[in-house]
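Examining the three-dimensional arrangement
Now for the letters of each chain:
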Amino acid sequence: MNKIVLIILAILLPPVAVFLNNGAGKDLLINILLCFLFVIPGMLHALWLVLK
């Protein structure tokens, strides 16, 4: 998938970006929990995984 699209998704819908980049797994669960707690940590986690 195009990296620019993943970066935009990581900002708008972090769990979707993590799912498209890494699939269903522990990273997706961590991101969903971070998004439930606060949106910004979930967004940063998704950006980190996409850019890694």
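Counting restarts for each chain: residues are numbered from 1 in the order of the written sequence. Only residues with pLDDT of at least 70 get local features here, since the model is predicted, and only at 80 or more are side-chain atom pairs given and counted; chain-wide, interface and lining totals rely on the full set of residues. Side-chain calculation: all heavy atoms of the structure are included, whereas hydrogens and water are not.

**Some details on the overall build of the protein chain**
Quick note on the threshold: Helix and strand assignments follow DSSP, with helices taken as H or I runs no shorter than four residues and strands as E runs no shorter than two, numbered in order from the N terminus. Every radius of gyration here is taken over C-alpha atoms, with the globule rule written as 2.2 Å times N^0.38, N being the number of residues. Any residue under 20% of the maximum accessible area for its type is buried, any over 50% is exposed, and the rest in between are partly exposed; the area is computed with a 1.4 Å probe on protein chains only. In what follows, residue pairs with any heavy atoms lying within 4.5 Å of each other are defined as contacts. Computed with a 1.4 Å probe, the accessible areas rest on the Shrake-Rupley method; for each residue, only the protein chains presented here act as cover.
Within the protein chain one finds four helices and zero strands. When the elements of the protein chain are put in sequence order from the N terminus, they spell out α-α-α-α. Its C-alpha radius of gyration of 9 Å places the protein chain within 12% of the 10 Å reference for a compact globule of 52 residues. Dimensions of the protein chain, computed from C-alpha atoms along their principal axes, come out at roughly 30 × 20 × 15 Å. Looking at the protein chain as a whole, 31% of its 52 residues qualify as buried. When contacts within the protein chain are restricted to residue pairs at least 6 apart in sequence, those whose partners lie at least 24 apart make up 43%. Surface exposure of the protein chain reaches about 3,500 Å², of which carbon and sulfur atoms provide 79%.

**Description of the nonpolar core**
Our working definition: To form a nonpolar core, buried Ala, Val, Leu, Ile, Met, Phe, Trp, Tyr and Cys residues must be joined to one another through side-chain atoms within 4.5 Å.
Core analysis: the largest hydrophobic core is formed by ten residues, namely Leu-6, Leu-9, Ala-10, Ala-17, Val-18, Leu-28, Ala-46, Leu-47, Leu-49 and Val-50. Every element with two or more residues in this core is listed here: α1 (3–12), α2 (14–22) and α4 (39–51). With four residues, α4 is the single largest residue contributor to this core. Setting aside residues up to four positions removed in sequence, Leu-28 forms contacts with Pro-15, Val-18, Phe-19 and Gly-23.

**So, the environment of Leu-20**
Among the structural elements, Leu-20 can be located in helix α2. The exposure class assigned to Leu-20 is partly exposed, which follows from its relative accessible area of 42%. Counting along the chain gives 29 residues from Leu-20 to Leu-49, while the straight-line C-alpha distance between them is 11 Å.

**Here's the deal with the side chain of His-45**
Take His-45: it is sitting in helix α4. His-45 gets classed as buried once you look at its relative accessible area, which sits at 13%. With residues up to four places along the chain from it excluded, the contact list for His-45 reads Asp-27, Ile-30, Asn-31 and Leu-34.

**Observations regarding the packing of α1 against α2**
Definition in use: Every angle, taken between N-to-C directions, lies between 0 and 180 degrees, and every axis is a line fitted to C-alpha atoms, over only the stretch in contact when it is a helix.
Here α1 crosses α2 at 145°, and the two axes come no closer than 5 Å. Contacts between α1 and α2 involve Leu-6, Leu-9, Ala-10, Ile-11 and Leu-12 on the former and, on the latter, Pro-14, Val-16, Ala-17, Leu-20 and Asn-21.

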